[in-house]
Amino acid sequence: MKSLDQTINDLVIANRVLAYEQVVDAYGHISVRHPQRPDRFLLSRSRSPELVEPGDIMEFTLDGEVVGSDKRPPYLERFIHAGIYEKRPDVMSVVHSHAEGVLPFAITEKPLVPVIHSASEIGLKVPVWDIAEKFGDTNLLVTNAAQGRDLAAKFAENSVVLMRGHGFAAGGQSLLQTLRMSVALPKNARVYLEALRLGPVKPLSAGEIEGRLTVMGTHETPATLRAWEYWACRCGCGHLLPGGGPSK
């Protein structure tokens, strides 16, 4: 089990990586379940991911409430994270993004499927959640526990759920797995859209997805740590890695 300090550092790295890889811009966020308190999660205060620092990380309960007396403004959509953590005890990290690449599949009947090997972790099925089905006309933001739980119900046992006219939420069994999915998902969507212009597309099979997961794993492996180190150094956060990064 990682220490709380290293978990916070890892969460900062993940925020910066998502910004550098253009999965998020001024908006969007990633969280991690508390390493000692599974009934809580860690998420930055309301700040653009590219600017998140260790001191920005706040602690929340699974109903989306701030722990303690921290008065800094939290993200309005922290209930996305809370709902998924509450629904899925196996999920250790959650991301929410407005990546434009996935939006065509969130507003049409065409399902998003994995077509490139790096996106195998999104799974065979990517459901679409429409906030209007239960809550009518809203601003499309998930701003309370009821909406977060309804989203989590659609997320169900999947790894990704698209949000109609909005973006996506993804959850994995580790921070690194969630980060990998979030970087690969918009790339997969763009490749799929381009391929559809050429004709029928052959998606990954269940067996190919299983084979890929066997190689990559859900937690840290030599192959995935190579990417983690690369991403961290590329976005200027190598000093937050254990030992201060590869140069030390």
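Residues numbered from 1 in each chain as written. Predicted model: local features only at pLDDT ≥ 70, side-chain atom pairs only at ≥ 80, totals over all residues. Heavy atoms only, no water.

1. Examining unusual backbone geometry
Positive phi outside glycine occurs at L140, with the angle close to 75°. If you trace the backbone, L140 turns up in the loop between α4 (132–135) and α5 (145–155). One non-glycine residue, A156, adopts positive backbone phi at about 50°. Overall, A156 belongs to the partly exposed group, its relative accessible area being 23%. (Helix = DSSP H or I, 4+ residues; strand = E, 2+ residues; numbered from the N terminus. Buried < 20%, exposed > 50% of the residue type's maximum accessible area, 1.4 Å probe, protein only.)

2. What about the sheet that holds strand β5 (residues 128–129)?
Sheet architecture is open: 7 strands sit in the order β3-β2-β1-β4-β7-β6-β5, paired in mixed fashion. The open sheet is flanked by β3 (57–61) and β5, the only strands paired with a single partner. Judged from the 2 bridges that link them, strand β1 (residues 29–33) and strand β2 (residues 40–44) form a sheet pairing that is antiparallel. Within β2, the position partnered with R33 by the bridge is F41. (Pairing = 2+ DSSP bridges.)

3. Describing the nonpolar core
Most often, soluble globular proteins have nonpolar side chains that are buried together. Counting residues in each nonpolar core, the largest one holds 69 residues, and the members touching the most others are V160, L162 and F168. Top contributing element to this core by residue count: helix α6 (residues 175–196), with 9 residues. Those residues within four positions of V160 in sequence are excluded, and the remaining contacts are I122, V126, P127, F155, F168, A169, A170, M181 and L185. (Core = buried A, V, L, I, M, F, W, Y, C linked by side-chain atoms within 4.5 Å. Contact = heavy atoms within 4.5 Å.)

4. Description of the packing of helix α1 (residues 4–20) against α6
Close contact between α1 and α6 brings their axes to 11 Å; oriented N to C, the two are set at 5°. With respect to α6, the element α1 is oriented roughly parallel. On α6, the residues touching D10, L11, A14, V17 and L18 of α1 are L175, L179, S182 and V183. Of the residues assigned to the contact of α1 with α6, the class counts are 7 nonpolar, 1 polar and 1 charged. (Axes fitted to C-alpha atoms, helices over the stretch in contact; angles between N-to-C directions. Parallel < 35°, antiparallel > 145°, perpendicular 65-115°, else oblique. Nonpolar A, V, L, I, M, F, W, Y, C, P; charged D, E, K, R; others polar.)

5. Thoughts on the pattern of salt bridges
For the structure shown, the criterion picks out 13 salt bridges. Here R37 makes a salt bridge to D39, at a shortest N to O gap of 2.9 Å. In this structure R37 comes out as partly exposed when scored by relative accessible area, which is 34%. Classification of D39 as partly exposed rests on a relative accessible area of 36%. Where R72 meets D70, a salt bridge forms, and the shortest distance between an N and an O atom there is 2.8 Å. Residue R72 is classed as partly exposed on the basis of its relative accessible area, which comes to 28%. Connected via shared salt-bridge partners are R45, R47 and D56. (Salt bridge = Lys/Arg side-chain N within 4 Å of Asp/Glu carboxyl O.)

Purely spatial values, then, with no claim about function.
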